[in-house]
Amino acid sequence: MEELYGRQKGMLKDELSQLDDSFQCRKALLITNKVSCQRCGSHFSKNENQLSSKEYYCPYCIQFGRLSTQTYLVTQNETKKTPREVCFTWRGKLTPAQQKVSDNILKNYQKGKNTLIWAVTGSGKTEMIFSVVRDCLQNGGRLAISSPRIDVCRELYPRINEVFPEEETLLLYGDSEQKYRYNALTICTTHQLLHFYQAFDLLIIDEVDAFPYEGDKTLAFAQKNALKKDGKYIYLSATPPNHLLSSLKKTFCIEKLPIRFHERPLVVPQLIWYEGWQHCYYSNWKLKKFIAYLKKLLEDNDVLVFCPSISYMQNLYKKVSLIFSSTKMDCVSSLDKQREEKVQNMRDGVYRVLFCTTILERGVTFEHISVIVMGANHKIYSKSALVQIAGRVDRKGSYQHGQVVFFYNQQTQAIRDACQEIKKMNRLAKEWIAS
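Everything numeric in this text was worked out from a predicted model, so none of it was measured. (Residues numbered from 1 in each chain as written. Predicted model: local features only at pLDDT ≥ 70, side-chain atom pairs only at ≥ 80, totals over all residues. Heavy atoms only, no water.)

1. So, the state of the cysteines
Point 1. According to the stated counting rule, one finds 0 disulfides in the structure shown.
Point 2. Here C188 is not cross-linked by a disulfide; its sulfur's nearest cysteine counterpart is in C153, at 6.5 Å.
Point 3. Of the cysteine sulfurs around C307, a residue in no disulfide, the closest is that of C356, at 6.9 Å. (Disulfide = S-S within 2.5 Å.)

2. Notes on unusual backbone geometry
Point 1. Although it is not a glycine, E207 sits at a positive phi angle of roughly 55°.
Point 2. Note on E207: relative accessible area 6%, which makes it buried.
Point 3. Although it is not a glycine, H401 sits at a positive phi angle of roughly 60°.
Point 4. The residue H401 is located in the loop between α10 (383-390) and β19 (404-408) in this model. (Buried < 20%, exposed > 50% of the residue type's maximum accessible area, 1.4 Å probe, protein only. Helix = DSSP H or I, 4+ residues; strand = E, 2+ residues; numbered from the N terminus.)

3. Some details on empty space enclosed by the protein
Point 1. Within the structure shown, the criterion is met by 3 cavities of 30 Å³ or more.
Point 2. Considered as a void within the structure, the largest cavity measures approximately 80 Å³ in volume.
Point 3. Contributing to the lining of the largest cavity are V120, T121, A238, L266, V267, V387, A390, G391, E421, I422 and M425.
Point 4. Looking at the lining of the largest cavity, the elements that each hand over two or more residues are α10 and α11 (413-434).
Point 5. In terms of residue count, the dominant contributor to the lining of the largest cavity is α11 (3 residues). (1 Å grid on protein atoms, 1.4 Å probe; cavity = no way out; pocket = protein on both sides within 12 Å on 5 of 7 lines; lining within 4 Å. Points joined across faces, edges and corners; volume = space filled by probe spheres on them.)

4. Overview of the packing of aromatic side chains
Point 1. Applying the stated rule across the entire model yields 19 aromatic pairs.
Point 2. Their ring planes at 70° and their centres at 5.4 Å tell us that Y5 and Y182 sit as a pair that is edge-to-face. One end of the pair, Y5, is in the segment before β1 (9-12); the other, Y182, is in the loop between β9 (170-172) and β10 (185-189), with 177 residues separating them in the sequence.
Point 3. Here Y5 falls in the buried class, since its relative accessible area comes to 19%.
Point 4. Grouping aromatic residues by their ring pairs yields a cluster made of F88, W90, F130 and F164.
Point 5. Between R7 and the ring centre of Y180, over which it is positioned, the NZ or CZ distance is 3.9 Å.
Point 6. A cation sits over an aromatic face here: K289 above Y274, 5.7 Å from the ring centre. (Phe/Tyr/Trp six-rings, centres within 6.5 Å; stacked < 30°, edge-to-face > 60°. Lys NZ or Arg CZ within 6 Å of the ring centre and 35° of its normal.)

5. Section: the UniProt feature "domain: Helicase C-terminal" (unreviewed entry) in the protein chain
Point 1. Mapped onto this numbering, the UniProt entry annotates "domain: Helicase C-terminal" (unreviewed entry) at residues 286-435.
Point 2. Regarding residues 286-435, the helix share stands at 43% and the strand share at 15%, and the terminal C-alpha atoms are separated by 49 Å. (UniProt positions renumbered as here; feature names shortened; annotations may be inferred.)

6. Observations regarding the nonpolar core
Point 1. Judged by nonpolar contacts, the single largest core of 70 residues is most densely connected at Y235, L304, F306, L360, V371, V373 and L386.
Point 2. By residue number, the principal contributor to this core is α11, which donates 6 residues.
Point 3. Membership of the second largest hydrophobic core comes to 37 residues, among which are I117, I129, F130 and I259. (Core = buried A, V, L, I, M, F, W, Y, C linked by side-chain atoms within 4.5 Å.)

7. Some details on the pairing of β10
Point 1. In terms of burial, β10 is largely enclosed, as 5 of its 5 residues are buried.
Point 2. Judged by which residues are buried, β10 turns out to be covered on both faces: L185, I187 and T189 on one side and T186 and C188 on the other are all buried.
Point 3. One ladder, built from 5 bridges, connects strand β8 (residues 143-147) with β10; its direction is parallel. When the sheet's bridge partners are listed, L143 is paired in β10 with L185. (Pairing = 2+ DSSP bridges.)

8. Some words on the packing of α10 against α11
Point 1. Remark: α10 packs on α11, axes separated minimally by 8 Å, with the N-to-C direction vectors making an angle of 50°. Here α10 lies oblique to α11, going by the angle between them. Seen from above, α10 lies across α11 with right-handed handedness. Contacts between α10 and α11 involve K383, L386, V387 and A390 from the former and A414, I415, D417, A418, E421 and I422 from the latter.
Point 2. Looking at the contact of α10 with α11 residue by residue, the classes come out as 7 nonpolar, no polar and 3 charged. (Axes fitted to C-alpha atoms, helices over the stretch in contact; angles between N-to-C directions. Parallel < 35°, antiparallel > 145°, perpendicular 65-115°, else oblique. Left-handed = near helix turned anticlockwise from the far one by under 90°. Contact = heavy atoms within 4.5 Å. Nonpolar A, V, L, I, M, F, W, Y, C, P; charged D, E, K, R; others polar.)

9. So, the pattern of salt bridges
Point 1. Evaluated as defined, the whole model comprises 17 salt bridges.
Point 2. Residue D201 is joined to K81 by a salt bridge in which the shortest nitrogen-to-oxygen separation is 3.4 Å. Separated by 120 residues along the polypeptide, D201 in strand β11 (residues 200-206) and K81 in the loop between β6 (71-76) and α1 (96-110) bring together distant segments of the chain.
Point 3. On the basis of relative accessibility, which here comes to 5%, the residue D201 falls in the buried class.
Point 4. Residue R149 is joined to E361 by a salt bridge in which the shortest nitrogen-to-oxygen separation is 3.7 Å. With R149 in the loop between β8 and α4 (150-163) and E361 in the loop between β17 (353-356) and β18 (369-373), the pair connects residues that are 212 residues apart, well separated along the chain. In this structure, R149 and E361 share a single accessibility class: buried.
Point 5. Sharing partners across several salt bridges, the network here consists of R149, E207, D209, E361 and R362. (Salt bridge = Lys/Arg side-chain N within 4 Å of Asp/Glu carboxyl O.)

This is the structure:
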């Protein structure tokens with residue numbers, strides 16, 4: 001049952017007799033003064049979630065298959081690691097700053113240390129992990145690159161496949177077309193880690209500060225379960241929160257890179273007061289300011305318009321598309337079944353304008369793009385979200401005068417902090433270049 005190497009599956013007691021000594025079995029739910037799930041780490045009282053007087057189930061991870069007090073979690077011990085040749089086809093070249101960080105990541109891993117890569121958006125974090133991924137694979141190791149965001153996983157997959165073409169990389173997320181198979185290199189959403197148990201020698205978590213991973217105890221538990229006892233972590237983030245930095249001080253090496261690979265500064269947002277932005281799509285008059293800025297930005301680039309909710313996005317898109325009848329545009333959200341196709345259309349230049357929610361705040365790259373944030377003062381936009389959104393601009397290609405516009409009608413701490421962080425990183429980048 002190769003599919004259970006490092007993978008955990010719920011089985012009833014009568015099914016265990018067919019297994020040999022290479023399998024580990026442990027109770028899915030532990031009962032003490034409370035009930036604890038061994039897959040997701042959730043706890044609940046004995047008065048909850050009862051199937052009978054002595055049987056309980058876990059409702060918190062039931063979408064991955066029901067676990068009860070009659071269920072065992074079964075996994076299979078993996079064979080010993082065997083060094084091997086790895087086909088590595090990347091012919092790019094790291095900048096001196098990237099190379100320094102890449103070398104440090106590799107040294108940390110080889111010394112058995114965890115690493116946080118704190119690098120600005122557009123710094124080339126993916127390219128900087130190639131050497132450590134290669135080292136892990138060459139030594140017979142197994143690794144996963146995981147992210148809370150499906151779009152990040154989808155964008156990573158072809159890039160990793162191209163660099164390691166013989167690894168038969170596996171892409172796993174909720175509705176992915178690929179079925180699980182045993183392999184050495186997996187790209188998956190953080191929710192998929194709930195299926196693994198002591199599977200990986202190296203676990204790389206990209207966008208570690210992103211929703212829904214940030215603050216989710218279930219996903220944190222799953223991450224720990226998925227790593228081998230002697231396995232190591234690499235976290236990637238452009239905007240690590242202070243509490244994360246504080247918690248990692250003693251257990252992680254922190255590698256900081258404030259400079260983008262092309263050495264151009266992060267684009268500082270323009271803060272534009274927009275009274276009544278919430279209802280601007282009610283009339284052409286109320287939409288006048290938005291239309292003026294959109295026309296100006298379209299002279300140089302395509303435009304991403306971030307909206308605080310799906311309903312707002314749809315209403316704004318409908319109104320604007322009537323005014324710009326000859327301009328190709330569309331809208332996309334997490335509920336859109338054509339989400340992947342629309343994002344690709346934007347990359348391919350099919351659309352000039354794409355209205356979106358925060359699903360595109362990170363993990364996607366477009367050339368020749370400017371950004372508008374509608375209602376930057378809305379509570380959905382945290383400091384890190386605003387920094388990430390601003391970071392969509394000028395990520396690759398030649399300089400195209402990309403701009404970032406924050407429309408708001410109330411100053412918030414998140415807006416202030418985002419602008420301060422961008423300016424701070426630009427100052428640090430100047431110092432790096434000067435040195």
